[in-house]
Each structure stands twice: as C-alpha cells, then as structure tokens.
Amino acid sequence: MQVNDGTFGNKGLSHEDLQEASEGHQVDGEGSPRRDGDVIKTTPKRQEWSRPLDFIMLCVAYAIGLGNIWRFPYLCYRNGGGVFLIPYIVSALLAGIPCFMMEVALGQFMKQGGIGMWNIAPLFRGIGFSSLVLVFYSNIHYALILSWAVYYLVESFTTGELSWASCGHTWNTLSCQEQVGCLNSSAGAIGPALHMSNTTCNKTNGSVEPVSPVVEFWERNVLQASGGLSEIGSVSWKMLLCLLATWIIIYLCLWKGIRLTEKVVYFTAMFPYLVLFVLFVRSVTLPGASVGIMYYLKPDWSKLGHPRIWMDASTQIFYSYALGFAALGTLGSYNSFHTNCYRHSLTLAIINSSTSFFGGFLVFSVLGFMAQEQGLHISEVATSGPGLAFIAYPKAVALMPLAPLWAALFFLMLVMLGLDSQFVCVEAFITAFTDLLPEKPHYFLRRQSILALYCAFNFLLMICFVTKGGIYIFQLLDSYAVSGVPLLWQIFWECIIVAWVYGGERFMSDMTLMIGYRPVFILKWCWAAFTPLLCLRFKELNRPVIGAHVEEYKRQMESACVHLNGGDSEKGILLVGMPHPLRAEQS
C-alpha cells in the first residue's frame, strides 16, 4: 500500500498527512505508516506484543541489569553518598529519559529494528549499523560474564563448605590463608573467616602477604589468568562448558520469536526482584549492616561542585538505561502504533533508577557486615564490578550461616539479570538483520536459522575468552568497544539526527500522532542541546586517539596486574576493577 509516491518538500509531511496515513492503516490492516526520507509508506504487518504489559516487562528485563546492582551503589558511595542523587536525577530528567523516549518512539513509529528505524534520514542510516556493532560486542561481553555467574552458581550447590571458602584445593598456593589476626572475635562464631588481600595482618612464608581463598578461587580457578595479553594459553574446559550452556539457553528462549520471549521474561524479569528482596531482608539484619548503609547514604556536600560527580552521574544514566544499543527501538517496533510509549518510558525510567537505589542497600549492608567481621574500614571493602560480584560478595556469604543457600540465590539473581539483557540484545541484532531480508526469504535465511548461526558463531568466536589470557581480551573489549567514547558518540549522533536532521518539532508531531497528545516541549531541547553536549565529554573526544588510548591501556594493564609471589615462586594475578557498568571506574 503506497500512501503517497511524492515528497512534501523540506518541511516534511504534515500532521494531517500522517493522520490520513494512520487512518488508512487502520482501515486496510496491511501495515503501519513509516517514513522513508520524505516519502510515507506502509510496512507489511509486523508481529506485536500480545498486551502492553509485555513491552514493559521486556524493557524492565533489558534495562535493569548487572550495572544496577554492582555499579550504582559504589558510585553513590564514592561521590558523596546521598548527594550523588542530585546530579543523577538531573541527568536522568534532561538526558536519560528523553533519549529513552526517543529510541522507543522511533522504533514504534517506523515499525523497524535498529537499522530500518533510521530511514527517517537515509543519509545517516549508518548510525543503525554502528548500533549493531555495539550490540554485537555487547552480546559477547555479557555472555562471558554470564558464564562466570553460571560457574559460581553450579559451585554453590553443595551441602558442605563452599569451594572458595577454604584453602587446600588444587588451585591454591602456599600464600593462601583462611584466617588472619585482624578479625573480630565474633567472626569465628559466624563462619570461616576470610582475608582481604590489602590488609596488613598475619603473613605467611616470611614476607609474603597472605591471600584469601576467594581471591585465589577467582584468579586461579575461574580465570586461570596468565601473565598478560601476549600469553593466551590453553582453554579452560569447564568455563567453555558454561559458555556453551549460556548460548544454548539464549537460543532456546528466542528461537520462537517474541511470542516465546514475552512468556519467558515474566519469570526472568520478576524472579530477580524476589531474590533481591529476600537478600535485602537477610542483609539488613547482619551485624554491621547499619554502618555500611550509613556510608552509602551519608551526604558529603563538598563533592557536589566537583565535575567528576556530574560525569559519573551522566555516564551511569546512559549505561543503566541501556541507550544506544538499538534494543529499545527494537522493542518499540513491536508495539501497536498508538501505544503510549511516552508514559511507558517514564514509568520504566522510574523503575530502573529505583532498582539501582534499592540495590545499594543490599550491597552496602553486606559490605558493612564484611568490614566489621574482618576489622576493616568500609572503604577497604567497598568496590564495584566483577570485584563485587565474584570476590566481595562470595567472601561475605562465606561468613554467613547457610552460606551455600545465600550464594546460590545471589548468583541465580545475577544469571537472571544477565539473561534478561542478553535476550533483548540478541533479539535486537537478529531483528535488525531480518528486517533487511525479503518478506519470504530462503529457508536458510529464516529467523530460526539466522539465530542458530549467530549463537554458534558467537560461541566459537568466544573460545579465546575462556583461555588463560581471555580476561585481558575482555578488558580490552570492555574499555574500547561497549563503553566510553563509542557509546557516547552513538548517543550524540542519534540526538543530532533526530533533532537537527529530521527535526525535533517534526518528531514531536509524530509522537503526538501516536499517543494522542503532545509531549512536554522540553524534550526537543534535550535532544537538540543538552544531551549532545553531555555526550561530547570534551576532555576525551578532543584529544588524539592514537597514542593516548595506547597509554591508557598500558596504565590499565599495570593497575590490573598485581603479582603475588607464593612460596613456590608461582605468580598469582589479582585482577582489580574494570571500567563501565561491569567494573569500577578508574579514579
């Protein structure tokens, strides 16, 4: 069905033209109106969510992920406690929520995935392909973290002592020590005492500092890290099996399309909230929990004027809302044309930020308990990223009664949170690709076949990540492929295309057509000015890329490799925080 074969000049289609096209769509039932430059066409009938709640649940599952649990609380603590909420809320209102609405509304209006929705400005269609590159790297990135969480989950199913709670295993060195002298007397009554490697307590083997068994479990058993990126080493077969299981689960949950995904996600999205609440109740009743919560919320007003707090707040909003990865547009494309995406986006943003804030109480009550039991200051155990998920929290649960139960619940929650985000990211990639195919493609180009090939290809590609040098490849990918400058440039150009190329006022009219009333006027100013300026980050984007980034990478590698020489002269490598939602930002 062709509504108009001509163009309507530089000002684009009028609201009346679009209304007429929309009414024709409703009568004929062939598809929905979309723009191809200045030509308005209709697309073939597209699958839609069974009910609006399905869209909300998928967005909750996608946007609420690991970064909400292990990054936001640490940033809040590091940037003045409760004071951090001021720049966080300002950034959410002026950048996060407007961009969230923009991506969802654009996908809903165009009825296309991450590439096709940018047909609003055909000359800039490449922004859709760049978002797919980010999604591709993100899928690899998340799958590796999921495989770590799956391995910890399997190790949690034991009736005895947790594997990371004691020494004496094949991966432990002579430096491993379970108990150190700086522990409070109550620690023995709680459970096996664990050691933080930065303390100045008892030492073994003369001058060698003792190492916690949980650190050696992570470094020497899970990662089996080599001396550097140049030493790839052999494949860890147990991690390879966990990686294979991860991709099989992803395929089985997506192979039937959105009809199966929208059913699975009701469990994967809601179950983490149940676990989060159970763990919260348990954690706030632990000794020392109030101390941790106090450090989480205690306001330090002097930091409000520091530029870093505003930068941390804005980047956390972008990461937490999962902007720039084409997934929100893909989810929006399955909405009916008149779904109130404006109201839904605002609701989802509130849920996202509230989950981050609530997760902080769980994290810091546990860290407060661990600090008290080990006689440490809270600042010595406060961390984020994999250091929190795979070192700090396992160390804490080993101190609790019924440690395997709490460990299993925590890692099950991590697996569910990760799978949710992974489902949507993979769906975004597959949808964008299949939108480019003819209506009735060859059997080998049908959705199920493409999904199977994509999952198999990613699994084979990721074998290098489960080698002894895989963690260094992960760090490189994490620093320069799925975060930082690439993501900020992506969001920057999305706003420029919508606000200045397509026209902010024009897009506001499109949203009015879909939802039935005009959105608040400040949205177009956020797209046109505030968000692009926030994304520029002049300090990073105006410096030379070649050389500067090489120096950054060298500094990161130096800070990420702490050699702990054991009595047998073997080297243990402690991998500390890594940037982005998956690791702490470098201070």
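Residues numbered from 1 in each chain as written. Predicted model: local features only at pLDDT ≥ 70, side-chain atom pairs only at ≥ 80, totals over all residues. Heavy atoms only, no water.

Caption draft 1: Layout of the overall build of the protein chain. A tally of regular secondary structure across the protein chain gives 23 helices and 4 strands. Out of the 587 residues in the protein chain, the part that is buried amounts to 61%. Restricting the contact set of the protein chain to residue pairs at least 6 apart, pairs at least 24 apart contribute 80%. Carbon and sulfur atoms make up 64% of the accessible area of the protein chain, which totals about 22,500 Å². (Helix = DSSP H or I, 4+ residues; strand = E, 2+ residues; numbered from the N terminus. Buried < 20%, exposed > 50% of the residue type's maximum accessible area, 1.4 Å probe, protein only. Contact = heavy atoms within 4.5 Å. Areas by Shrake-Rupley, 256 points an atom, 1.4 Å probe, with all protein chains shown as cover.)

Caption draft 2: Quick look at the pattern of salt bridges. Scanning all chains against the criterion turns up 5 salt bridges. Between D54 and R51 there is a salt bridge whose closest N-O contact spans 3.2 Å. Residue D54 is classed as buried on the basis of its relative accessible area of 0%. Judged by its relative accessible area of 45%, R51 is partly exposed. One network of salt bridges, in which partners are shared, links E505, R518 and K524. (Salt bridge = Lys/Arg side-chain N within 4 Å of Asp/Glu carboxyl O.)

Caption draft 3: Geometry of the nonpolar core. Core analysis: the biggest nonpolar cluster contains 186 residues, and W148, W164 and F390 have the highest contact counts within it. If you tally residues by element for this core, the top one is helix α17 (residues 403-434), at 20 residues. Those residues in contact with F390, other than ones at most four positions away along the chain, are W70, I145, W148, A149, Y152, V214, W218 and F411. (Core = buried A, V, L, I, M, F, W, Y, C linked by side-chain atoms within 4.5 Å.)

Caption draft 4: Looking closely at the packing of helix α14 (residues 341-374) against helix α16 (residues 386-397). At a minimum axis separation of 9 Å, α14 and α16 run at an interaxial angle of 55°. Between α14 and α16, the crossing angle belongs to the class labelled oblique. Along this stretch, α14 crosses α16, giving a crossing that reads as left-handed. Residues V363, V366, L367, F369, M370 and Q374 of α14 pack against L388, A392, Y393, K395 and A396 of α16. Class assignment for the residues of the contact of α14 with α16 results in 9 nonpolar, 1 polar and 1 charged. (Axes fitted to C-alpha atoms, helices over the stretch in contact; angles between N-to-C directions. Parallel < 35°, antiparallel > 145°, perpendicular 65-115°, else oblique. Left-handed = near helix turned anticlockwise from the far one by under 90°. Nonpolar A, V, L, I, M, F, W, Y, C, P; charged D, E, K, R; others polar.)

Caption draft 5: Here's a closer look at unusual backbone geometry. Of note, the phi angle at K111 is positive, near 55°, even though the residue is not glycine. With respect to the helices and strands, K111 occurs in the loop between α5 (85-110) and α6 (126-156). Positive phi is not limited to glycine here, since A322 has a value of about 55°. Summarising the element assignment, A322 is placed in the loop between α12 (307-320) and α13 (327-333).

Caption draft 6: Expanded view of the packing of α6 against α17. Interaxial distance between α6 and α17 falls to 8 Å at its minimum, and their mutual angle equals 160°. Between α6 and α17, the crossing angle belongs to the class labelled roughly antiparallel. In terms of crossing hand, the pair formed by α6 and α17 is left-handed. Across the contact of α6 with α17, the residue classes break down as 23 nonpolar, 6 polar and no charged.

Caption draft 7: A look at the state of the cysteines. Scanning the model with the defined rule gives 1 disulfide in all. Residue pairing for C167: its cysteine sulfur links by disulfide to C176, the two sulfurs lying 1.9 Å apart. As the torsion about the S-S bond is roughly -85°, the C167-C176 disulfide counts as left-handed. Overall, the relative accessible area of 21% leaves C167 in the partly exposed class. (Disulfide = S-S within 2.5 Å.)

Caption draft 8: Structural view of the environment of S483. Structurally, the position occupied by S483 is in the loop between α19 (470-480) and α20 (485-515). S483 sits 165 residues away from F318 along the chain, and the two C-alpha atoms are 9.8 Å apart.

Caption draft 9: Spotlight on the confidence of the model for the protein chain. For the protein chain, mean pLDDT is 76; residues scoring 70 or higher make up 77% of the total. Long-range and interchain partners of residues 180-206, a stretch whose pLDDT sits below 50, account for 75 contacts in this model, where long-range means more than four residues apart. Between residues 538-587, whose pLDDT stays under 50, and residues either more than four places distant or in other chains, the model counts 121 contacts. (pLDDT = per-residue confidence, 0-100.)

Caption draft 10: Structural view of the environment of L388. Inspection of the secondary structure assignment puts L388 in helix α16. For L388, a relative accessible area of 5% puts it in the buried group. A C-alpha to C-alpha distance of 9.5 Å links L388 and I69, two positions 319 residues apart in sequence.

Caption draft 11: Region of the structure containing α16. Counted at 1.5 Å a residue, the expected span for α16 with its 12 residues is 16 Å, and the 16 Å between its end C-alpha atoms agrees. Of all 12 residues in α16, 11 are buried, a share of seventy percent or more. Within α16, the full set of buried residues consists of P386, L388, A389, F390, I391, A392, Y393, P394, K395, A396 and V397. (Expected span 1.5 Å × (residues − 1).)

Caption draft 12: Structural context of the side chain of S131. Along the chain, S131 falls in helix α6. Accessibility expressed as a relative area gives 1% for S131, which makes it buried. Residues contacting S131, with those up to four places away along its chain left out, are G114, G324, F325, A326 and Q490.

Caption draft 13: A look at the side chain of S147. Relative to the elements of secondary structure, S147 occurs in helix α6. Look at S147 and you get buried, because its relative accessible area is 0%. Setting aside chain neighbours within four positions, we find S147 in contact with M239, C242, L243 and T246.

Caption draft 14: View of a nonpolar patch on the surface. A cluster of nonpolar side chains, I86, V90, W301, W310 and F530, forms an exposed patch at the surface whose accessible area comes to about 460 Å². For W301, the position within the fold is in the loop between α11 (289-297) and α12. (Patch = residues over 30% accessible without salt bridge, like charges linked within 9 Å, V, L, I, M, F, W, Y side chains within 5 Å.)

Caption draft 15: Representation of the environment of F521 in the model. In this fold, F521 is placed in the loop between α20 and α21 (522-536). A relative accessible area of 58% places F521 in the exposed class. Between the C-alpha atom of F521 and that of M508, which follows or precedes it by 13 residues, the distance is 8.3 Å.

Caption draft 16: Region of the structure containing α14. For α14, spanning 34 residues, the distance from its first C-alpha to its last is 49 Å, which sits close to the expected 50 Å at 1.5 Å a residue. Counting buried residues in α14 gives 25 out of 34 residues, a clear majority hidden from the surface.

Caption draft 17: Focus on the packing of aromatic side chains. One pass over the full model with this rule turns up 40 aromatic pairs. Aromatic side chains Y152 and F217 sit 5.3 Å apart centroid to centroid with 75° between the ring planes, which places their arrangement in the edge-to-face category. Residue Y152 is located in helix α6, and its partner F217 is located in helix α8 (residues 213-223); the two are separated by 65 residues in the primary sequence. Owing to a relative accessible area of 0%, Y152 belongs among the buried residues under this scheme. Ring geometry for F357 versus F361: centroids 5.3 Å apart, planes at 90°, classification edge-to-face. (Phe/Tyr/Trp six-rings, centres within 6.5 Å; stacked < 30°, edge-to-face > 60°.)

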